[in-house]
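Chain by chain, the residues:
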Amino acid sequence: MIKLHDKFFKPYLKEEEILAAIKKMAEDIAKDYKDETPLFVGVLNGAFMFVSDFLKAYQNPCEVSFVRLSSYQGLTSTGIVETLLDAPEEIEGKSVIILEDVVDTGRTLKQLVHLFSHTNVKEFKIAALFYKAEVYNGEYAIDYVGLEIPDNFIVGYGLDYNELGRNLREVYQLNESDMINLVLFGKPGAGKGTQAGFLKEKYNLKHISTGDVFRYNIKNGTDLGKLAKSFIDKGDLVPDEVTIDMLKDEVEKSPDAAGFIFDGFPRTAAQAEALDNFLESKNMKVDATIALEADDDVLVARLLERGKSSGRSDDQDEDKIRNRFDEYNEKTAPLKAYYEKQGKFHSVNGIGNIDDITGRLSKIIDTL
């Protein structure tokens, strides 16, 4: 996987596939124009690689020129097509074949046709390397197609995301549809850490424990760690934006992850909203929140047993344990309502064989 600006992209089309499609296009056009010298017009900026490889594959006499249009900004089309480099002169009586890198909605094609509508060309045809048939609503026929692809945002081989990625030899698509992001809840002793360990291996997820992230940043004296410690030393709560910035760093450290398990954050509805906003800025979302449910008495017995070996004082006093349960119930109630409203809250029985519990969690994840 690669990162361009703030987005992650995964491999989609190999260079050999692209070159094979171009070779086939060149052969088809060469058959149709074996007795002519067509004028190929490349559409900049995206088509420069396509035009270069196409001309290498086209063995017959031809001419070449370029126009430059623009309609994309970031991940989406603006809907307004600007002409930045006009059509070539002296094209009267020639067969013109537009070489487009990608055809999606058809807005750019409409502007291209307009550019040539007042010229006396012999013939005007369109060749698209990548064709998104499901979203094309233009009125003009696409005469030659290299590869028909779904409507996913792609970069590489001349195509860009905010001007990055054009020089890549292969094509990558935005990594969004397959990503699974989970929020894992559970009272102390419910087995969140154990289950997160199994789930991250099974689904290639990155487990982000807020406690671990805080300890790492403070121990290593990072800027965020120093900032968090300044609040902690004064007895104040660390602001949500500091925690979010730490989570952001953790997310960006793992571009190859197929998703993330957030453990220990959010703890309030306001934090849940902050997490949603952060993930939305990354073109991501929380797919599900899962609470590991267990009877309090069972968990008390489990924690007291753990306290014999862990040395943790809060695992050795039943009153302290039950106070932690009360705090969890108080904080989780509004979170449950927040995620239930989104249809994302799931409850799983956290008592039983570890493999059985993993199976219950997997059953939910596999439906996402």
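Just above, that's the structure.
The paragraphs below set out a description of the structure included in this document. Computed from a predicted model, the values in this text were never measured in an experiment. (Residues numbered from 1 in each chain as written. Predicted model: local features only at pLDDT ≥ 70, side-chain atom pairs only at ≥ 80, totals over all residues. Heavy atoms only, no water.)

Across its full length, the chain carries eleven helices and 15 strands. Relative to the 2.2 N^0.38 estimate, which gives 21 Å for 368 residues, the radius of gyration of the chain is 28 Å and therefore markedly larger than a compact globule would have. Projected onto the principal axes, the alpha-carbon positions of the chain cover approximately 90 × 45 × 35 Å. The buried share of the chain, taken over its 368 residues, is 46%. Partitioning the intrachain contacts of the chain with sequence separation of at least 6 by distance along the chain shows that 70% fall at a separation of at least 24. Accessible surface for the chain amounts to roughly 18,700 Å². Of this, 47% is attributable to carbon and sulfur atoms. (Helix = DSSP H or I, 4+ residues; strand = E, 2+ residues; numbered from the N terminus. Rg over C-alpha atoms; globule rule 2.2 N^0.38 Å. Buried < 20%, exposed > 50% of the residue type's maximum accessible area, 1.4 Å probe, protein only. Contact = heavy atoms within 4.5 Å. Areas by Shrake-Rupley, 256 points an atom, 1.4 Å probe, with all protein chains shown as cover.)

Grouped together as the largest cluster of nonpolar side chains are 30 residues, with contacts concentrated most on Phe185, Phe260, Phe262, Leu275 and Tyr339. If you list the elements that add at least two residues to this core, you get β11 (180-186), α5 (210-219), α6 (223-233), α7 (240-252), β13 (259-263), α8 (269-281) and α10 (318-341). Per-element tally for this core: the top contributor is α7, with five residues. In this view, leucine 275 contacts Val183, Ile244, Leu247, Phe262, Phe265, Pro266, Val286 and Tyr339; residues no more than four positions away in its chain are not counted. Ranked by size, the runner-up nonpolar core spans 27 residues in total, among them Ala30, Met49, Phe54 and Ile149. (Core = buried A, V, L, I, M, F, W, Y, C linked by side-chain atoms within 4.5 Å.)

Moving on: the sheet that holds strand β2 (residues 7-13). Spatially, β1-β2-β10-β9 is the arrangement adopted by the four strands of the open sheet, whose pairing is antiparallel. A strand with exactly one partner marks an edge of an open sheet, and here the two such strands are β1 (2-4) and β9 (154-155). Inspection of the sheet shows β2 paired to strand β10 (residues 171-174) by four bridges, in the antiparallel sense. Counted as the bridge partner of proline 11 is tyrosine 172 from β10. (Pairing = 2+ DSSP bridges.)

The subject of this paragraph is the packing of aromatic side chains. Each aromatic ring pair is characterised by the separation of its centres together with the angle its planes make. One pass over the structure, following the stated rule, counts twelve aromatic pairs. With a centroid separation of 6.2 Å and an interplanar angle of 85°, the aromatic rings of phenylalanine 153 and tyrosine 161 are classed as edge-to-face. Judged by relative accessible area, which is 14%, phenylalanine 153 ranks as buried. Take tyrosine 161: its relative accessible area is 7%, and that puts it in the buried class. Linked through ring pairs, Phe40, Phe50, Phe54 and Tyr58 together constitute an aromatic cluster. The aromatic ring of phenylalanine 325 is capped on one face by lysine 187, whose charged end is 5.6 Å from the ring centroid. (Phe/Tyr/Trp six-rings, centres within 6.5 Å; stacked < 30°, edge-to-face > 60°. Lys NZ or Arg CZ within 6 Å of the ring centre and 35° of its normal.)

What follows deals with the sheet that holds strand β14 (residues 288-293). In any sheet, the strands associate via hydrogen bonds between backbone groups, in a parallel or an antiparallel arrangement. Pairing is parallel in the open sheet, where five strands are placed in the order β12-β13-β11-β14-β15. Of all the strands in the sheet, the pair left with one neighbour each is β12 (206-209) and β15 (345-349). Ignoring strand direction, the axes of neighbouring strands in this sheet form an average angle of 25°. Pairing between β14 and β15: five bridges, direction parallel. Residue pairing across strands places isoleucine 290 opposite histidine 346, the latter belonging to β15. Strands in contact with helix α11 (residues 354-365) are β11, β14 and β15; relative to β15, the strand with the most contacts, it is inclined by about 160°. (Axes fitted to C-alpha atoms, helices over the stretch in contact; angles between N-to-C directions.)

On to α11. Given 3.6 residues per turn, any residue in an α-helix points the same way as the ones three and four places further on. In this model, α11 (twelve residues) spans 17 Å end to end at C-alpha, consistent with the 16 Å of a helix rising 1.5 Å per residue. The complete set of buried residues in α11 reads Ile357, Thr358, Leu361, Ser362, Ile364 and Ile365. Along the axis of α11, the buried residues cluster in a sector spanning 155°; they form a single face. For α11, exposure combined with an orientation more than 90 degrees from the buried face picks out Asp355 and Lys363. Contacts from the buried residues of α11 go to β11, α4 (192-203), β14 and β15. For α11, the side-chain oxygen to backbone nitrogen distance between the N-cap and aspartate 355 is 2.8 Å, and the N-cap itself is asparagine 353. (Expected span 1.5 Å × (residues − 1). Arc of directions from axis to C-beta. Polar contact = N/O pair within 3.5 Å; in protein donor to acceptor, adjacent residues only side chain to side chain.)

Following the sequence through the fold, glutamate 250 ends up in helix α7. For glutamate 250, a relative accessible area of 10% corresponds to the buried category. As a C-alpha pair, glutamate 250 and isoleucine 208 span 42 residues in sequence and 7.3 Å in three-dimensional space. Aside from chain neighbours lying at most four places away, what touches glutamate 250 is Lys206, Ile208, Val213 and Phe260.

Our focus in this paragraph is the side chain of aspartate 287. With respect to the secondary-structure elements, aspartate 287 resides in the loop between α8 and β14. A polar contact is formed between the side chain of aspartate 287 and the side chain of lysine 285, at a distance of 3.1 Å. Not counting the four nearest positions on each side in its chain, aspartate 287 is found in contact with Met179, Ile180, Asn181, Lys344 and Leu368.

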